Amino acid sequence: MLSYQHAYHAGNFADVHKHLALFSVSNYLLRKKSPITYIDTHAGRGLYPLSASESQRLQEHSHGVEPVWQARHNASQQLLDEWCRALGDAQPDKAVLSHYPGSPWWLGQVLREQDVLRLYELHPGEHRHLSEQPLANNAARIFGDGLEGLKRQLPVTTPRLCVLIDPSFERKDEYREVAEVVRFTLAKARHAVVLLWYPLLPAAHHAALMDNLAASGIRKIWRSELVQRPKGSATHGMYASGMLIINPPWGVDETLSAAFDEVASLLGEPCCHRGRWLVGE
């Protein structure tokens, strides 16, 4: 199924949750000089103009990145301050929020000469947009299935591996497929850092994903959920954004918890953050 286009949701609260986590993990990984392979299995466009008709249709950014951006000069958490400064670098006018950068942009900003970046996108229209975005020479756009592509890339040639898995989860089977790929990845690269985004929907399909990975034998999985509204108030649609960080760098859980608490306060009641270990610690 290729109906999903993220432009309709660019800059929403789930994007802030996802990309702040990616930004933090990347910064921790950069403390060491050894090369990293980054693999983004569902890359999307790379950069989303918020004035585009798709973004204006739902205007989800107005309840996501915009309140964070407006409060950027008063951010009390260093991570959130640094993230907002980086977000400003994606704007033609650094004082005006006009674009929201997707994961290819965030990963491209941390890419060093010794690193490798592989961006997978299966939707032909989204891949065409991605192809228009400038990238470094050690980055590649790949038109294809990112989960299968990830499996083919293993084992990678660099000492370290960081993977972002961010499906649309339009199909119920995706939860099982993603769990299988995560298990395969950790079997091939035991120390890989994997960030897995998932939606929390009233049907609670994510519960099977949690159970599958909790029983996988993976030693450390940190679970973060940014709750936009209480579960009971949602009859349809996503009520919270979830992130699993497998093999998280030491200390990233505390750093992110503090930053997400501040994000939740900026998004207003009843938004809140829940961070806990699914496995380990």
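Structure shown above.
This is a predicted model, so every value here is computed, not measured.

The rules behind these values
- Residues numbered from 1 in each chain as written.
- Predicted model: local features only at pLDDT ≥ 70, side-chain atom pairs only at ≥ 80, totals over all residues.
- Heavy atoms only, no water.
- Helix = DSSP H or I, 4+ residues; strand = E, 2+ residues; numbered from the N terminus.
- Rg over C-alpha atoms; globule rule 2.2 N^0.38 Å.
- Buried < 20%, exposed > 50% of the residue type's maximum accessible area, 1.4 Å probe, protein only.
- Contact = heavy atoms within 4.5 Å.
- Lys, Arg positive; Asp, Glu negative; His and termini not counted.
- Charge placed at Lys NZ, Arg CZ, Asp CG, Glu CD.
- Salt bridge = Lys/Arg side-chain N within 4 Å of Asp/Glu carboxyl O.
- Disulfide = S-S within 2.5 Å.
- Core = buried A, V, L, I, M, F, W, Y, C linked by side-chain atoms within 4.5 Å.
- Pairing = 2+ DSSP bridges.
- Expected span 1.5 Å × (residues − 1).
- Axes fitted to C-alpha atoms, helices over the stretch in contact; angles between N-to-C directions.

### Here's the deal with the overall build of the protein chain
A tally of helices and strands in the protein chain yields 10 helices and 10 strands. Here the C-alpha radius of gyration of the protein chain, 17 Å, is about what a compact globule of 281 residues would show, namely 19 Å. For the protein chain, the spread of C-alpha atoms along the three principal axes comes to 45 × 40 × 40 Å. Counting every position in the protein chain, which comprises 281 residues, the buried fraction comes to 53%. Restricting the contact set of the protein chain to residue pairs at least 6 apart, pairs at least 24 apart contribute 75%. Side-chain charges of the protein chain comprise 29 positive and 30 negative groups, with the mean position of each set lying 6 Å from the other.

### Topic: the pattern of salt bridges
One pass over the full model with this rule turns up 15 salt bridges. Between R176 and E180 there is a salt bridge whose closest N-O contact spans 3.2 Å. With R176 and E180 both in helix α8 (residues 173-188), this residue pair falls four residues apart, about one helical turn. Salt-bridge contacts for R276 lead to E225; the nearest nitrogen and oxygen are separated by 3.7 Å. Of the two residues, R276 sits in strand β10 (residues 272-279) while E225 sits in strand β8 (residues 221-227), which places them 51 residues apart along the sequence. Residue E225 is classed as buried on the basis of its relative accessible area of 1%. Several salt bridges converge on common partners, so that one network encompasses R223, E225, R274 and R276.

### A closer look at the environment of T185
Summarising the element assignment, T185 is placed in helix α8. Along the primary structure T185 and L22 are separated by 163 residues, whereas in three dimensions their C-alpha atoms are 18 Å apart. Discounting residues that sit within four places of it in the chain, T185 has contacts with L150, L154, L161, A192 and V194.

### Considering the state of the cysteines
Counted according to the given criterion, the structure contains zero disulfides. C84 takes part in no disulfide bond, and the closest cysteine sulfur, belonging to C271, lies 15 Å away. Look at C84 and you get buried, because its relative accessible area is 4%.

### A word on helix α5 (residues 103-110)
A large share of α5 lies buried, amounting to six of its eight residues. Buried residues of α5: S103, P104, W105, W106, L107 and V110, and no others.

### Considering the nonpolar core
Counting residues in each nonpolar core, the largest one holds 85 residues, and the members touching the most others are W83 and L195. Element by element, the count of residues in this core is highest for helix α1 (residues 13-29), at 10 residues. L195 has contacts with A21, L22, V25, C162, V163, L164, I165, M243, L244 and I245, leaving out every residue within four places of it along the chain.

### Some remarks on the environment of A214
Position of A214 among the secondary structure elements: in helix α9 (residues 206-214). Taking the C-alpha atoms as reference points, A214 and S241, 27 residues apart in sequence, are found 19 Å from one another.

### A short note on the pairing of strand β9 (residues 240-246)
Most of β9 is tucked away, with seven of its seven residues classed as buried. In the sheet, strand β7 (residues 193-200) pairs with β9 via seven bridges, with the strands oriented antiparallel. Bridge pairing links W197 to M243 in β9. Looking at chain direction, β8 and β9 are connected through seven bridges and run antiparallel. In the sheet register, L226 faces β9, and the bridge partner there is S241.

### Some remarks on helix α10 (residues 252-267)
Taking 1.5 Å as the rise per residue, α10 with 16 residues should run 22 Å; its terminal C-alpha atoms sit 22 Å apart, in good agreement. Within α10, the full set of buried residues consists of V252, D253, L256, A259, F260, E262, V263 and A264. Immediately downstream of α10, the backbone of G268 shows phi near 90 degrees, a positive value.

### Overview of the sheet that holds β9
Within the open sheet, the eight strands sit side by side as β5-β4-β1-β6-β7-β9-β8-β10. Their pairing is mixed. Edge positions in the sheet fall to β5 (139-143) and β10, since each has one partner strand and no second. Going across the sheet, the axis of each strand differs from the next one's by a mean of 15 degrees, ignoring polarity. Strands β1 (36-40), β4 (116-121) and β6 (160-165) of the sheet are contacted by α5, whose axis makes an angle of about 170 degrees with β1. Strands in contact with helix α7 (residues 146-153) are β1, β4, β5 and β6; relative to β4, the strand with the most contacts, it is inclined by about 150 degrees.

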